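Residues per chain, in single letters:
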Amino acid sequence: MSTRAGIDIYGKVLRYAEVEQRQERYHLLRLGRCDFDFDVAAALLEGAAERLEALTDALSDVFEGSTAARLYVSLHPPHCYSFFTPLPPEVSKEERKQRLLDEAALLTRSGAKEPLRLTADRLYADTLDEDERVEWYHVLAVQDGLHAGFDRVFRMLPQTHNRMMVSMHAVANAVERIEQQDEAPRQAPFSLAIGWYPTHVEYTLCHQGRWYFGHFTDADDPDDCAYFALLLLNRLDLSPAAVGRVFLYGGYQDLEAFASLGDVFTVAPEPLDPRRLIELDEQSMAADEHLDAYAPCIGVAL
């Protein structure tokens, strides 16, 4: 039996969850949101003492009495950098770290005045041209100032370990859990989760239930989601027919606004419902709260 806590930060809202795993089942211990009058990620980056104190007080109250030893944080773009890269499997740990640092600096155009902290996860092995074997990694790069702000808050919380993830990684955890529970045969090898937010749209592509790729872009209208999804598939040399399920999460208000996704993929989009992940009492949630908005903070804790 293990207990893990997760938080998801977007704009002025911090959502939180704590789950307890008993064998193959997850039990919800706490779930909710904290609303602030400032942008949470910006406050952490700026390091303003008054706002950090407000965040610390809120999280201390939220996790009072928590038995979770680990706290996982879901960060949304563009407050963090996220990229995928292949590496030869034989490289040493030290060489791998240096390669990832060099690539992060190149992609983010970061210099010594803006150091980055990296978190790398091995995703899967693959064979490139000429039978070259590689291992694909996802790399999360966080500005040192933002990480330092989190460190100041983490020191005051009961959890002794913490780890950051990009929101698409957290959502991939949720998709994997849902698809593990499904008994119906898989109609296509890929699933696509789309996160709609006022500032951007996120794409999480999973293969056989495991995270395969993530991307985000600007979008002004829900109909744009289908267009950018097609661009992403073309970039990866995939057909829409390879996608058998399309999930939605985030800050959307009307599922029907995304009907064009059904025309592209021939399957209707479905909410990424956290009730598929864990037992959840809807009566405890605010009436105007979309339950799928909690998919990242629950997914990051799984």
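Our structure's up above, just so we're on the same page.
About the thresholds
- Residues numbered from 1 in each chain as written.
- Predicted model: local features only at pLDDT ≥ 70, side-chain atom pairs only at ≥ 80, totals over all residues.
- Heavy atoms only, no water.
- Pairing = 2+ DSSP bridges.
- Helix = DSSP H or I, 4+ residues; strand = E, 2+ residues; numbered from the N terminus.
- Contact = heavy atoms within 4.5 Å.
- Axes fitted to C-alpha atoms, helices over the stretch in contact; angles between N-to-C directions.
- 1 Å grid on protein atoms, 1.4 Å probe; cavity = no way out; pocket = protein on both sides within 12 Å on 5 of 7 lines; lining within 4 Å.
- Points joined across faces, edges and corners; volume = space filled by probe spheres on them.
- Nonpolar A, V, L, I, M, F, W, Y, C, P; charged D, E, K, R; others polar.

J.: Any chance you could break down the sheet that holds strand S11 (residues 210-217) for me, citing the residues and the numbers?
T.: With respect to topology, five strands assemble into an open sheet ordered S11-S10-S9-S12-S13, the strand pairing being mixed. Each having just a single partner strand, S11 and strand S13 (270-271) make up the two edges of the open sheet. Two elements, strand S9 (residues 190-196) and strand S10 (residues 201-207), share seven bridges in a ladder whose sense is antiparallel. Residue pairing for S10: Gly 195 is matched across the bridge by Glu 202. Lying over the sheet, helix H5 (residues 167-181) contacts S9, S10, S11 and strand S12 (243-250), oriented at roughly 45° with respect to S10. Contacts from helix H6 (residues 223-235) reach S9, S10, S11 and S12 within the one sheet, and its direction differs from that of S10 by about 45°.

J.: Please provide a residue-by-residue account of the layout of surface pockets, values included.
T.: Space inside the largest pocket adds up to approximately 310 Å³. Lining of the largest pocket is provided by 14 residues; of these, Leu 123, His 169, Glu 176, Arg 210 and Trp 211 occupy positions nearest its centre. Sorting the residues of the lining of the largest pocket by element identifies strand S6 (116-127), strand S8 (161-166), H5 and S11 as the ones contributing at least two each. When grouped by side-chain class, the residues that make up the lining of the largest pocket number six nonpolar, three polar and five charged.

J.: Account for the sheet that holds strand S1 (residues 2-10), naming residues and giving values.
T.: Hydrogen bonds along the backbone pair up the strands of a sheet, which may run parallel or antiparallel. Spatially, five strands are ordered S3-S2-S1-S4-S8 in an open sheet, and the strand pairing comes out mixed. The sheet is open, and its two edges are formed by strand S3 (25-35) and S8, each paired on a single side. Each strand axis lies, on average, 20° off the axis of its neighbour in the sheet, ignoring direction. Strand direction decides the pairing type here: strand S4 (residues 70-75) and S8, joined by six bridges, are parallel. Note on S8: the bridge partner recorded for Arg 70 is His 161.

J.: Explain empty space enclosed by the protein residue by residue, including any values.
T.: Inspection of the entire model under this criterion finds one cavity of 30 Å³ or more. A volume near 40 Å³ is recorded for the largest cavity. If you trace the largest cavity, you find it lined by Ile 7, Ile 9, Leu 14, Val 40, Leu 44, Leu 55, Leu 59, Phe 150, Val 153 and Phe 154. Mapped by element, the contributors of at least two residues to the lining of the largest cavity are S1, helix H1 (40-46), helix H2 (49-62) and helix H4 (144-154). Of all the elements, H4 adds the most residues to the lining of the largest cavity, at three residues. Split into classes, the residues belonging to the lining of the largest cavity amount to ten nonpolar, no polar and no charged.

Shape is all these values report; function is a separate question.
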